[in-house]
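Structural overview for review
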Protein chains: 2
Amino acid sequence: MRTVHIALVHYPVLARDGSPSTSAITNLDIHDLARSARTYGCASYFLIHPIAAQRELVRKVCEHWTVGSSAERIPSRKLALALCTPTESLDSMIAALGGRDAIELWGTAARANRPVQSFPDARAQLQQPGKPVVLLFGTAWGLAESVFASFDAQLPPLHAAADTGFRHLSVRAACAITLDRLLG
Amino acid sequence: MRTVHIALVHYPVLARDGSPSTSAITNLDIHDLARSARTYGCASYFLIHPIAAQRELVRKVCEHWTVGSSAERIPSRKLALALCTPTESLDSMIAALGGRDAIELWGTAARANRPVQSFPDARAQLQQPGKPVVLLFGTAWGLAESVFASFDAQLPPLHAAADTGFRHLSVRAACAITLDRLLG
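Residues numbered from 1 in each chain as written. Chains lettered and ligands numbered in written order. Predicted model: local features only at pLDDT ≥ 70, side-chain atom pairs only at ≥ 80, totals over all residues. Heavy atoms only, no water.

1. Re the pairing of strand β1 (residues 4-9) of chain A
Residues and elements named next belong to chain A. Put simply, the rule is: Burial classes: relative accessible area under 20% of the type maximum marks a residue as buried, over 50% as exposed, and values in between as partly exposed (1.4 Å probe, protein chains only). Where helices and strands are cited, they refer to DSSP runs of H or I of at least four residues and of E of at least two residues respectively, numbered from the N terminus. DSSP calls a pair of strands paired once it identifies at least 2 bridges connecting them.
For β1, a buried count of six out of six residues is recorded, marking the element as mostly surrounded by other parts of the structure. Neither face of β1 is exposed, since V4, I6 and L8 on one face and H5, A7 and V9 on the opposite face are all buried. One ladder, built from six bridges, connects β1 with strand β7 (residues 133-138); its direction is parallel. By the bridge assignment, A7 is partnered in β7 with L136.

Given below as structure tokens:
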């Protein structure tokens, strides 16, 4: 079984008009993705943000739940938020994981912009020995096109069996479903 | 294919100490469950709250996104939030759907408190002709034990294949995963 990490990217992502952008940290993204990551046995949850004050916000929220007053009030949350690792960039995350050759990066997108590997194939790959995998999720209107070229694989867009054509899941929902399809 | 509705219950739910309680409306619950419901083709999304001011809050949020300024700014969100139906109680929801004999109620819980139907069975049932199904999700520490006795079925707790024992998904994640397992 391969090690799985998740990463929530706030830069580079797309703005509503398709231009490159930086999104703000959302409190419930910290909690929800951490809880999903903990449920599905992920090793860590990287929150990628280029602005130091936003990373500091993540640290303060996590501290409140891991050593602050809420750690005692709701102990289960501590186990989830302990996975959170704010970091500056994709590159700093890659360095923290031992360098680009030590890991695989798998992108996600609400619309397929290149060939994808199927969920059953991806699931089977995770059950074989291999490099740790980082599943990357974009905030705002999704990961900037520029980063996909450097990824090792891309997962398919999520939709119902009877496809409604609606492609606007929250990143909290998309991450949960992706982890369940791969590891559930 | 049977019609599927979802319902987010704010009363009766459990407080942290296991006592019956009423939880507050959470803005991102409105958005996230509506977006998941729309993605998976659900017919409606009931937000059950006994306090009129909280139902009014739901209506105002939805109005902002369906006919207010954000309806123009982010049109896709309109399609999701148009599914939101605030209602006073489980009984008022049941009445709106034609009465108890016209529908099936399927409960969800993070811990199984009675026999469950498997996800493959539940998925197969939804593909056969039959009554509309309402999937019920609890906020706070989950649906009060008292309501499960009146349900037609209960779905299994969600966890990874390699169960980590962690049972604290957000309701936003749990609803997304449940819809994907049943309809994805």
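Structure's up, so let's keep going.
2. A closer look at the interface of chain A and chain B
Where we set the bar: Only heavy atoms enter the contact rule, under which two residues are in contact if any of them lie within 4.5 Å. In this description, buried area is defined as the sum, over both parts, of the accessible area (probe of 1.4 Å) that is lost when the two are combined. The working definition used for a salt bridge is a side-chain nitrogen of Lys or Arg within 4 Å of a carboxyl oxygen of Asp or Glu. We call two N or O atoms a polar contact when they sit within 3.5 Å, provided that within protein one can donate a hydrogen and the other can accept it, with sequence-adjacent residues counted only if both atoms are side-chain atoms. Classification convention: Asp, Glu, Lys, Arg as charged; Ala, Val, Leu, Ile, Met, Phe, Trp, Tyr, Cys, Pro as nonpolar; all other residues, Gly among them, as polar.
Contacts between the two partners involve 33 residues from chain A, matched on the other side by 33 residues from chain B. For the pair chain A and chain B, the summed buried surface comes to about 3,000 Å²; carbon and sulfur atoms form 58% of the total. For the pair chain A and chain B, the number of links is four salt bridges. Between R181 of chain A and D180 of chain B there is a salt bridge, with its nearest N and O atoms 2.5 Å apart. Where chain A packs against chain B, one counts 20 residue pairs in polar contact (both at pLDDT 80 or more). For the side of chain A that touches chain B, the secondary-structure elements that each account for two or more residues are α1 (27-39), α4 (75-81) and α8 (171-183) of chain A. Top element by residues in the side of chain A that touches chain B is α8 of chain A. It accounts for seven residues. Residues belonging to the side of chain A that touches chain B are distributed by class as follows: 14 nonpolar, ten polar and nine charged.

3. Focus: helix α2 (residues 52-66) of chain B
All names here are of chain B. Threshold: Multiply 1.5 Å by the residue count of a helix minus one, and that product is the helix's expected span. Taking the helix axis as origin, the arc is that swept by the directions to the C-beta atoms.
Compared with the 21 Å implied by 1.5 Å per residue over 15 residues, the 21 Å span of α2 between its first and last C-alpha is a close match. Turning to α2, its buried residues are Q54, R55, V58, V61, C62 and W65. The buried residues of α2 occupy one face: seen down the axis, they fall within an arc of 120°. Of the exposed residues in α2, those oriented more than 90 degrees away from the buried face are A53 and K60. On its buried side, α2 packs onto α1 (27-39), β4 (45-48), α3 (69-73), α4 (75-81) and β5 (84-87).

4. A closer look at the relation of the copies chain A and chain B
Cut-off, in case you're wondering: Here the copies were fitted onto each other by least squares, based on C-alpha atoms from residues at pLDDT of at least 70 in both.
For the pair chain A and chain B, the relating rotation is 180°, the translation along its axis is 0.0 Å, and the fit reaches an RMSD of 0.0 Å. Both copies are brought into coincidence by an operation consistent with a two-fold rotation axis. A shared binding surface is used by both copies, with 100% of the interface residues of chain A retained as interface residues in chain B.

5. A short note on unusual backbone geometry
Residue and element names in this part refer to chain A. For the bond running from Y11 to P12, omega is 0°, close enough to zero to count as cis. Looking at the element boundaries, P12 is found in the loop between β1 and β2 (13-14). One non-glycine residue, A140, adopts positive backbone phi at about 50°. On the basis of relative accessibility, which here comes to 48%, the residue A140 falls in the partly exposed class.

6. A closer look at the packing of α8 of chain A against helix α8 (residues 171-183) of chain B
The criterion, for reference: Here the axes come from fitting lines to C-alpha atoms, over the contacting stretch only for helices, and the angles between their N-to-C directions go from 0 to 180 degrees. To sort the angles, those under 35 degrees are grouped as roughly parallel, those over 145 as roughly antiparallel, those from 65 to 115 as roughly perpendicular, and the leftovers as oblique. What makes a crossing left-handed is the near helix being turned counterclockwise from the far one by less than a right angle; a clockwise turn instead makes it right-handed.
Interhelical geometry of α8 of chain A versus α8 of chain B gives an angle of 50° and a closest axis separation of 8 Å. Judged on the interaxial angle alone, α8 of chain B and α8 of chain A are oblique. Between α8 of chain A and α8 of chain B lies a crossing whose hand is right-handed. For the pair formed by α8 of chain A and α8 of chain B, the contact residues are R172, A173, A176, I177, D180 and R181 of chain A on the first element and R172, A173, A176, I177, D180 and R181 of chain B on the second. Its residues assigned to classes, the contact of α8 of chain A with α8 of chain B comprises six nonpolar, no polar and six charged.

7. Notes on the nonpolar core
Applied cut-off: Only buried Ala, Val, Leu, Ile, Met, Phe, Trp, Tyr and Cys residues count toward a nonpolar core, and they belong to the same one when joined by side-chain atoms within 4.5 Å.
Judged by nonpolar contacts, the single largest core of 86 residues is most densely connected at I6 and L135 of chain A together with I6 and L135 of chain B. Contact partners of I6 of chain B, with chain neighbours within four places excluded, come to L33, A37, C42, S44, Y45, F46, V134, L135, F137, C175 and L179 of chain B. Listed in part, the 18 residues of the second largest apolar core include V13, V134, F148 and F151 of chain A.

8. Overview of the packing of α1 of chain A against helix α2 (residues 52-66) of chain A
Residues and elements named next belong to chain A. As a packed pair, α1 and α2 sit with axes 10 Å apart at the nearest point and diverge in direction by 55°. It follows from the interaxial angle that α1 and α2 lie oblique. Here α1 and α2 pass one another in a crossing that is right-handed. Contacts between α1 and α2 involve N27, I30 and H31 from the first element and V58, V61, C62 and W65 from the second.

9. What about the sheet that holds strand β6 (residues 104-107) of chain B?
Residue and element names in this part refer to chain B. The strand order β5-β4-β1-β7-β6-β8 describes an open sheet built from six strands, whose pairing is parallel. A single partner strand is all that each edge strand has here, and the edge strands are β5 and β8 (153-154). Direction of pairing for β6 relative to strand β7 (residues 133-138): parallel, over a ladder of four bridges. Its bridge partner lying in β7, L105 is registered against V134. Against the sheet, α1 engages β1 (4-9), β4 and β5, with an angle of about 155° to β4. On top of the sheet, α8 reaches β1 and β7; it is set at about 155° to β7, its chief contact.

None of this, on its own, says anything about what the molecule does.
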